[in-house]
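The chain contents come next:
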There are 2 protein chains.
Amino acid sequence: MERPNLQIALDTFDLPTALGPLQKAHQHIDVIEVGTILCLSVGMEAVRIIRSLYPEKTILADVRIAEAGSIISKMAYDAGADWVSVVSGAAPDTAEVVLKEARSRGKDVQIELSDGWTWDMARKWAGLGIQQVITHRSRDAEAKGELSWSQQDIDTVHKLAEMGFKVTVTGGVKPADIPRFGGTPVYIFIAGRAIVKADDPAAAAKAFQDVIEQTYLPQGAV
Amino acid sequence: MERPNLQIALDTFDLPTALGPLQKAHQHIDVIEVGTILCLSVGMEAVRIIRSLYPEKTILADVRIAEAGSIISKMAYDAGADWVSVVSGAAPDTAEVVLKEARSRGKDVQIELSDGWTWDMARKWAGLGIQQVITHRSRDAEAKGELSWSQQDIDTVHKLAEMGFKVTVTGGVKPADIPRFGGTPVYIFIAGRAIVKADDPAAAAKAFQDVIEQTYLPQGAV
């Protein structure tokens, strides 16, 4: 099983608040997410600046495209994003135009599986050629105090991976949550506040990488 | 029947391209929409600048909230927006937190009815106290060359209005489309490129207002 990647979600209201922790933690980060809040607050300048600082990193612009897929994805890719996100409620037409734009540039697309997505929809995306999905607990559900990752969440990851998707897992993930995913083919774990708000963002990111390493250690490699 | 309002959708990639036509047309405009593209491209600075220029106008920040409703709506309201948009695919929890934030500030929320919304969902929003919905043709469906407003579109507006919603109509609306809505309780017509890209944006906006006036003239007022 491939070792999952670690993605930092930058969901601050301004760029300095994001760049401070990012600059400290970046050597332990595989994917930098310019979060929806940061995109909406600062605009694509946030993507351009982060691209200028970390030319080698994979950058996701979490623009959550609902329609106008062609225009918004072009804008994000032009700013330096490698990947953009499309909400699961978007019309298949929208996912299709974004995917086409991505393929023409050697970029990629992620579908965010929000409340209400169905396996029928997932089969449609797979049919279109979508390769990445994001599965998460709603931030608002989280805010309501719901508990950690359930067996159902884990089963969902397995089933999506069996359909051929690379699966990103998000929603307040902490290092202590990761062993629970052992044996589960996760492509990316997203960490947000757990790194960005840490006293020592580099140590916090390294703690994630260490537990990912331990959890996904090839059998017999000890 | 109330006279519908005219909303200008500013969906440019930069602020000057939006402000030029807006400054010419604003006296004929009831609601200024800072479009999703402009929000994502420039960030909330776009809302702040437009608020500073037109302190008396109603401003919609078309941020299309899918989750993190509390944070994104606060950000938009703080920047000067009167209304924010929530996608129909958002969890009811999300619509609820945005509505709560809106009510605490005397602001409002619009639900964007994207492909896949259902009447069951609409009843849920009505139950939560949501007062505004946006009904439209997908921009991507539009790009695929689908024809103008169908009888089904018009019937949908009637049914939503009967449920108590104030209904915004959008999707490449031109003045010639408006008489078709005669007798239909539309709260807002959105015009985008038809004003923003016009040689004479003021005349283009006035043409909308004139046809709205003629279409919704009280009977016997001639």
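Structure's up top.
Residues numbered from 1 in each chain as written. Chains lettered and ligands numbered in written order. Predicted model: local features only at pLDDT ≥ 70, side-chain atom pairs only at ≥ 80, totals over all residues.

Draft legend 1. Representation of the sheet that holds strand β4 (residues 83-87) of chain A. Residues and elements named next belong to chain A. Strands sit in the order β1-β2-β3-β4-β5-β6-β7-β8 around a closed barrel of eight strands; the barrel is parallel. Averaged over all pairs of adjacent strands, the angle between strand axes in this sheet comes to 25°, irrespective of strand direction. Of the pairings in the sheet, the one linking β4 to strand β5 (residues 108-113) comprises five bridges and is parallel in character. Residue pairing for β5: V84 is matched across the bridge by V109. (Pairing = 2+ DSSP bridges. Helix = DSSP H or I, 4+ residues; strand = E, 2+ residues; numbered from the N terminus. Axes fitted to C-alpha atoms, helices over the stretch in contact; angles between N-to-C directions.)

Draft legend 2. Highlighting the packing of helix α5 (residues 92-105) of chain B against helix α6 (residues 119-128) of chain B. Residue and element names in this part refer to chain B. Put simply, α5 and α6 touch, their axes get as near as 10 Å, and they point 30° apart. In terms of orientation, α5 lies roughly parallel with respect to α6. Relative to α6, the crossing made by α5 is right-handed. Residues P92, A95, E96 and L99 of α5 touch α6, and the partners they reach there are K124, W125 and L128. The residue inventory of the contact of α5 with α6, partitioned by class, reads five nonpolar, no polar and two charged. (Parallel < 35°, antiparallel > 145°, perpendicular 65-115°, else oblique. Left-handed = near helix turned anticlockwise from the far one by under 90°. Contact = placed C-beta atoms within 7 Å. Nonpolar A, V, L, I, M, F, W, Y, C, P; charged D, E, K, R; others polar.)

Draft legend 3. Here's a closer look at unusual backbone geometry. Residues and elements named next belong to chain A. In the Ramachandran plot, R64 falls in the positive-phi region, its phi being about 45° despite a non-glycine side chain. With respect to the helices, strands and loops of the structure, R64 is situated in strand β3 (residues 58-65). When the 29 C-beta atoms within 10 Å are taken as the criterion, R64 is described as buried. (Buried ≥ 20, exposed ≤ 12 C-beta atoms within 10 Å, placed from the backbone.)

Draft legend 4. Here's a closer look at the relation of the copies chain B and chain A. For the pair chain B and chain A, the superposition axis carries a translation of 0.0 Å, the fit reaches an RMSD of 0.0 Å, and the rotation angle comes to 180°. Both chain copies can therefore be described as sitting about a two-fold axis. Identified as the residue of chain B closest to the rotation axis by C-alpha distance is B:G43, at 2.0 Å. A symmetric contact is evident, with 100% of the interface residues of chain B recurring at the interface of chain A. (Least-squares fit on C-alpha atoms with pLDDT ≥ 70 in both.)

Don't take any of this as a statement about function, it's just geometry.
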